[in-house]
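As a plain string of letters, each chain reads:
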Amino acid sequence: MRSLKTKIFLFFVLLLLLVQSIALWTLVKGNDAQEQQEISNRLNTAKTIFTEQFNSRRDYLAAFSETAAKDYGIKDVFEGDTRSLLFALNNHRKRIDADLAMAISADNIISAQLQVIQVNNNKTKVQKGSELGKIFKHTEWLESQEKAHLYFLDGILYQLSLSPLTVGSSTIGWLAFGFEINQELANHFLEITHLQVDFILKQDDEWLLVASSNPTADVNFAKTIVEGKTPEQYIGIGELITEFDNQPFGLAMYALRADIVEVLQKQWWQFLILAFITLLLSLASAYLIASSITKPIKRLVKQARMIAQGDYQQKIDLTDNGELGQLANEFNVMQQAVLAREKEITHRASHDPLTELPNRNILMKYLNQLIIEKSCFQLFHLNLSRLKDVNETLGHDVGDWLIQRTAERLSKISTFDLLCHLGGDEFILIIKKQDQHSIPELVNKINNSLENHCDYGGINLQLQVRIGISSFPEHSNVDKTLLQMADTALQSARKSNANYLCYDKSLDVNSVERLNLINDLKSAISDNQLELHYQPKLDLKTNIVTHAEALVRWYHPTLGMVPPDNFIHIAEQTGQINKLTQWVVSTALKQSAIWRSDGIDLNIAINISAEDLKEADFYDFIRNAITTNNVPENKVTLEVTESAVVDNPEEAIKLLQRFKDAGIKISIDDYGTGYSSLAQLKQLPVHELKIDKSFVQHLHEDEDDRIIVRSTIELAHNMGLSVVSEGIEDDFSLRWLAEHDCELGQGYYISRPKPTKDFTTWVKEQLSSKAEKG
Ligand code: C2E
Ligand code: CA
Ligand code: CA
C-alpha cells in the first residue's frame, strides 16, 4: 500500500472510476429523455420518409400520365375500337408498370380499364377492369384541375393520376394511371423505417384494412394509432392522408415499444461492455505507467541503499532524458562526491592534519593487531623538547614548522614499523622485536636523524626528543596501558633529565594497586601490619657480624607481604613516611636494646628517606629515641641515598653534620646510581659509602663492575670513608671484596633479611661458632 507504484496506480484507478461513474451517471440520467427523443425522432423520420416517397410516387404518376396524354398514338385510337385502345393503353401502362390504367371518354364513360391482378404467389396478370363501359364514379375530379387521387376498385386501393387528353382546345377524354397501395408497399416502408405500416380506409362509416406489413394487423388498432391514441406498450404515429369519396384514408406506423427499447438496451449493454473494456485497458496502461514511473525511482532507492551500505561502485544508467534521468545523474555525481568526502574523512580521521602521519586511531588498531598476533614489540613515545619555548618565543607557525620537520626526519628512519603523530609534540614509534636492535642503538638512530639543526629564516633551531619506552609483552598486554607506561617512562625521563627511559614498575605512580595501597597504608601502622626484618652486615676482615640493617615489611590483610619497594614511594609521596620512619626507628632501637641486654652487640642501620630530612624535629626525635632505648650513638647508622642529600644539599648537610657531631653514623645508600659527583660527596658529612648491589651482583663475570667497585673503594678510602658492599650473592664476590679491602659486606650469600626471631637465632649461632673458633 505504501509504495509509490501502488499509490500512482490507485490514483489512476480512482480517477478512471470517477470519470466512468460520471459518464455512466450522465448516461443513465439522459437515458430516459434520450429514449423518448429517439422514439419521436424515429417516428418523425418514418413519417417524413413515407410522405416523401408517397408524394414522389404521386408526382411520378402525374408526370407520366401527362406525357401519355400527349401521345398521338393514343389520341388516334381513343375514339376508335376498344381493342386498339386497350392495347395502346396497356403499352403505356407497361412503361411504368402501373397497376391500373384507365381511359375515360368525354362523356364520362370508362372506355378502357386495365387492372394488374395478383394471381398466386408473385404471379400477376393483366385483365380488363370491372368498370369498363360504366360511368366514371368521380365526375367531379374531371372538372377540377386536381390530378392526384386515391381510387378504390374491387377492394383494391390505388394511388391515381388523371390527365386530360386534348386535341386542339377541346378535351376528348382522360387518361388515368395508378399504383396499388398494397402489402408490398407496406413491407417496403417496414424495411426502411422498421415500423409496421397499416393502410386503412373508411368506407360507409366502416374502417377497412387496405394493406399492412403486419400479418396480424387489426383495423381497430390501426384506427387508434391514426387517431393518435397509441397504447402504452406501443409507439406509433398515424395520419389521415387525404380524403377519398369523402372518406378518410389513414396511415398507421407503429412498433412494440419493447422492441425499440430492446435495441436501445442492446446499445446500452454494448456501451457497458465497451466501458468495461476501456476500463480494463486503462487500468492496464495505468499499471504500466505507474511501473514505468516507479521503476527508475526503485533503482534510485536501491542505489541509495547500496550507498548507505558503503558500496560506491555501482552507477545508475537511466536512458531517461527527463527529470528522473537528471536525478540519476545527480545521484551519480553525489555518489562520487560522497565517496571523495568519505575518503577525505577517513583519511582525516586516521591522520594528523599537520604532518599527514597516522594518528592515534591507526596506532590503536596496529597495537591491537600486534597484541592479537602476539608479536613482541617496543613502543617509543617521543616528545619534542622545548617546543613550548619555540611556540612562546617564535610563534606557533614556527612550532608547527618544527613539528613538520621532525615528522619528515622521523619518517626517514626505516628501522621502525610504524610512525604516528599523536598531535602536538608527541610521536610514537613502534618496532617489532624480531628485528634484533638494542634499545640504545634505536635511540641513537632517532637522535642521529634529528641531529642536524633546522634553519627557519636564518634562525638555527635544534630538534631534540625525549623518549619513554614500553614493551609487549613484558610490561603489559593492553594497548592503552602500554601507551601509558611509555608515557610514564617519558615523564620520568623528563624529571631525571635523561634522554630516554624504559618503563619500570617503580616508575608507575598511578596504578590501581597503588591507589589502593595509598588508602590502606594509612592504617598499616595503627593496625600493627608492619614488621621489621633484619639483614646482617659482615665485617669482611674478621668475618664477624657487626651490623644489622632494619628492613620494613608490610603484612597486608588481603595482599599478603608487600615489599618495601612497592610502598615506600607511596609513603613518601603521600606524607606518611615520617610516621613510618618513626615506627621503624622506635622498633629497631627497642630491638637493639633487647639484643644488647642479651649480649648481642650490633650496630643497627636504619633507612632514612629524603622526606625525613625535611622534617623540622627529625633530629630531636632520633636523639630522643636513642636516649630512651639507651643505645650508644655510635651503634646507630642512618642510611641516606645520595639523591636525598643532593636534592636539598645545604639543609641536608647541616642536619647530617649534627648527627655526625652527635656520634651517629651516616651511610650513603645505593651509591653509584645517582648523578652526584665525587666533588659533591666530599662535602658530605658521612662515614661510609654503600656500593649499590647492581655493581656487586655481577662482579664475578663483569670486568667493568670490578673496575668501578675497585676504584670506588679506593676513592672512598682516600676520602676517609669506609665502604659497604650490598648484593653479595656468591662466594667470589665475598672473597674479591675482602681482598680489595672493602670493610663490610651484605647480601643473600651471607643471609637474607630475616624476621626478628630467626635473625636472633641466626646471629647467636654465628657469634658462638666464631667464639669457638676464636
Ligand atoms: P636498600 O636500602 O638498598 O636495601 C637493600 C635491599 O637489597 C633490600 O631489599 C634487601 O633485601 C636487598 N638485598 C640484600 N642483599 C641482597 C642480595 O644479595 N641480592 C639482592 N638482589 N638483593 C639483596 P628490600 O628489603 O626489599 O628493601 C628495598 C628497599 O626499600 C631498600 O633498599 C630501601 O631503600 C627501602 N626500605 C626498606 N626498609 C625501609 C625503611 O624502614 N625505611 C625506608 N625509608 N626505606 C626502606
Ligand atoms: Ca639501605
Ligand atoms: Ca641499597
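Use the structure listed above.
The following refers to the structure shown. (Residues numbered from 1 in each chain as written. Chains lettered and ligands numbered in written order. Predicted model: local features only at pLDDT ≥ 70, side-chain atom pairs only at ≥ 80, totals over all residues. Heavy atoms only, no water.)

### Points about the overall build of the protein
Argument step 1. The number of helices and strands found in the protein is 25 helices and 27 strands.
Argument step 2. In terms of C-alpha radius of gyration, the protein reaches 72 Å, well past the compact-globule figure of 28 Å for 774 residues.
Argument step 3. Looking at the protein as a whole, 44% of its 774 residues qualify as buried.
Argument step 4. The long-range share in the protein, meaning contacts at least 24 apart out of those at least 6 apart in sequence, stands at 63%.
Argument step 5. Of the roughly 41300 Å² of accessible surface on the protein, 51% is carried by carbon and sulfur atoms.
Argument step 6. Put simply, the protein has 77 plus and 102 minus side-chain charges, and the middle of one group is 2 Å from the middle of the other. (Helix = DSSP H or I, 4+ residues; strand = E, 2+ residues; numbered from the N terminus. Rg over C-alpha atoms; globule rule 2.2 N^0.38 Å. Buried < 20%, exposed > 50% of the residue type's maximum accessible area, 1.4 Å probe, protein only. Contact = heavy atoms within 4.5 Å. Areas by Shrake-Rupley, 256 points an atom, 1.4 Å probe, with all protein chains shown as cover. Lys, Arg positive; Asp, Glu negative; His and termini not counted. Charge placed at Lys NZ, Arg CZ, Asp CG, Glu CD.)

### Side note on the coordination of the calcium ion (ligand 2)
Argument step 1. Protein coordination at the calcium ion (ligand 2): the donors are Glu 549 (OE), Asn 607 (OD1), Glu 639 (OE) and Asp 669 (OD), at 2.0 to 2.3 Å from the metal.
Argument step 2. Between the calcium ion (ligand 2) and the calcium ion (ligand 3) the interatomic distance comes to 4.3 Å, and Asp 669 is a ligand of both metals. Of the two residues, Glu 639 is situated in strand 22 (residues 636-641) and Asp 669 in strand 23 (residues 665-671); the sequence distance between them amounts to 30 residues. Comparing Glu 639 with Asp 669 shows no difference in burial state: the two are buried. (Donors = N, O, S within 2.8 Å, 3.2 Å for Na, K, Ca; no water.)

### Quick notes on the sheet that holds strand 11 (residues 377-384)
Argument step 1. With respect to topology, five strands assemble into an open sheet ordered 12-13-11-16-17, the strand pairing being mixed. Pairing within the sheet leaves two strands with one partner each, and these edge strands are strand 12 (418-423) and strand 17 (500-502). Ignoring which end each strand starts from, the neighbouring axes of this sheet average 20° apart.
Argument step 2. With five bridges connecting them, strand 12 and strand 13 (residues 426-432) associate as antiparallel partners. Across the sheet, residue Cys 420 finds its bridge partner in strand 13, namely Ile 428.
Argument step 3. Packing against the sheet, helix 11 (residues 396-411) makes contact with strand 11, strand 12 and strand 13, and its axis sits at approximately 5° to strand 13.
Argument step 4. Sheet contacts for helix 12 (residues 439-450): strand 11, strand 13, strand 16 (465-472) and strand 17; angle to strand 16, the most-contacted strand, approximately 145°. (Pairing = 2+ DSSP bridges. Axes fitted to C-alpha atoms, helices over the stretch in contact; angles between N-to-C directions.)

### Some points on the packing of aromatic side chains
Argument step 1. Tallied over the full model, the rule gives 24 aromatic pairs.
Argument step 2. Pairing Phe 136 with Trp 141 gives two aromatic rings, centres 5.9 Å apart and planes at 65°, and the pair type is edge-to-face.
Argument step 3. Through successive ring pairs, a cluster of aromatic residues spans Phe 50, Phe 54, Phe 189, Phe 199 and Phe 249.
Argument step 4. A cation over an aromatic ring shows up here: Arg 658 above the ring of Tyr 619, its NZ or CZ 4.0 Å from the ring centre.
Argument step 5. One Lys or Arg, Arg 752, reaches over the ring of Tyr 748 and ends 3.9 Å from the middle of that ring. (Phe/Tyr/Trp six-rings, centres within 6.5 Å; stacked < 30°, edge-to-face > 60°. Lys NZ or Arg CZ within 6 Å of the ring centre and 35° of its normal.)

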